Amino acid sequence: MGFKNPFSAERRSQRRAAKRRAELQQRYDFLSGELHAMANHEDIVDEIEAPIIAKRGEEVLFVVDGVSLLESRAGARYRGKSMGASIRVAKGVYLRPGVHGGQITQGPDEIKNLDSGQFCVTTRRCVFSGTRQTRTWEYSKLVAVDYSTSFEGRPAVMIPVENRQKTSGVQLDRGHVPYVQSRLGFAIALFNEQDERYLQAWREDVEQVEAELAELAEG
């Protein structure tokens, strides 16, 4: 019978705990950083270099460079689904910090990449500004926000709105997705006067992760 190292299981357990601690710390840093930015958006708005001219009373909350404008040449249908506790921030639009449930089912035609440029999230709309084309998605006409789509191996957010035959959106680098989810979700909640409920959900997530980190530290 072979010799078993009595310390190997302990070392594996320590490595798992260290990995879990690093994952939780990364999530805590993201959640707490975004919570601070959203809760203090009025103070940091002047620090953002926006590619658009804001309308009266409009604030730019977030800008992403290097995105692509996507458009479905066929009609799209939206099918929503519940993903745990969620916040209703507009008719037909339910959000949870960093998560939106739903899926856009495309018609027979493919999604097309039309242009590259910047994606801007404001308190009233989101706007794509490219070298050849622009698109505006008004929150008042929003049908859904879908993060389940991908294009050529990269994530995308598709944003169907009322009275527009073609569904359009933007393709993002993977690292930008959680920030776009949080800021766009906050912007929609703010527009519909649900921002405090949205921020409270973030506070609860921060507290939960903080408690898990404390528990690991004690262990």
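Anything mentioned here points back to the structure above.
These notes cover the structure that comes with them. Keep in mind that what you see is a predicted model, and the values were worked out from it rather than measured.

1. Observations regarding the overall build of the protein chain
Along the protein chain, the regular secondary structure elements total 4 helices and 11 strands. Out of the 219 residues belonging to the protein chain, those deemed buried represent 40%. For the protein chain, long-range pairs separated by at least 24 residues make up 64% of all intrachain contacts whose partners lie at least 6 apart in sequence. By element, 46% of the accessible surface of the protein chain is carried by carbon and sulfur atoms, the whole surface being about 12,500 Å².

2. Topic: the side chain of R183
Assignment of secondary structure puts R183 in helix α3 (residues 177-191). Given the relative accessible area of 11%, R183 is considered buried. At 3.2 Å, the side chain of R183 forms a polar contact with the backbone oxygen of L61. Among residues more than four places away in sequence, those in contact with R183 are E34, A37, M38, L61, F62 and V121.

3. Considering the environment of G130
With respect to the element layout, G130 can be found in strand β7 (residues 125-130). Taking the C-alpha atoms as reference, G130 lies 8.9 Å from V67; in sequence the two are 63 residues apart. Residues in contact with G130, not counting those within four places in the same chain, are D115, S116 and G117.

4. With respect to the state of the cysteines
Taken as a whole, this structure holds 0 disulfides when the rule is applied. A disulfide-free cysteine, C120 has its sulfur positioned 8.9 Å from the sulfur of C126, the nearest such atom. C120 sits in the buried class, given a relative accessible area of 0%. By relative accessible area, which is 1% here, C126 ends up buried.

The rules behind the values
Residues numbered from 1 in each chain as written. Predicted model: local features only at pLDDT ≥ 70, side-chain atom pairs only at ≥ 80, totals over all residues. Heavy atoms only, no water. Helix = DSSP H or I, 4+ residues; strand = E, 2+ residues; numbered from the N terminus. Buried < 20%, exposed > 50% of the residue type's maximum accessible area, 1.4 Å probe, protein only. Contact = heavy atoms within 4.5 Å. Areas by Shrake-Rupley, 256 points an atom, 1.4 Å probe, with all protein chains shown as cover. Polar contact = N/O pair within 3.5 Å; in protein donor to acceptor, adjacent residues only side chain to side chain. Disulfide = S-S within 2.5 Å.

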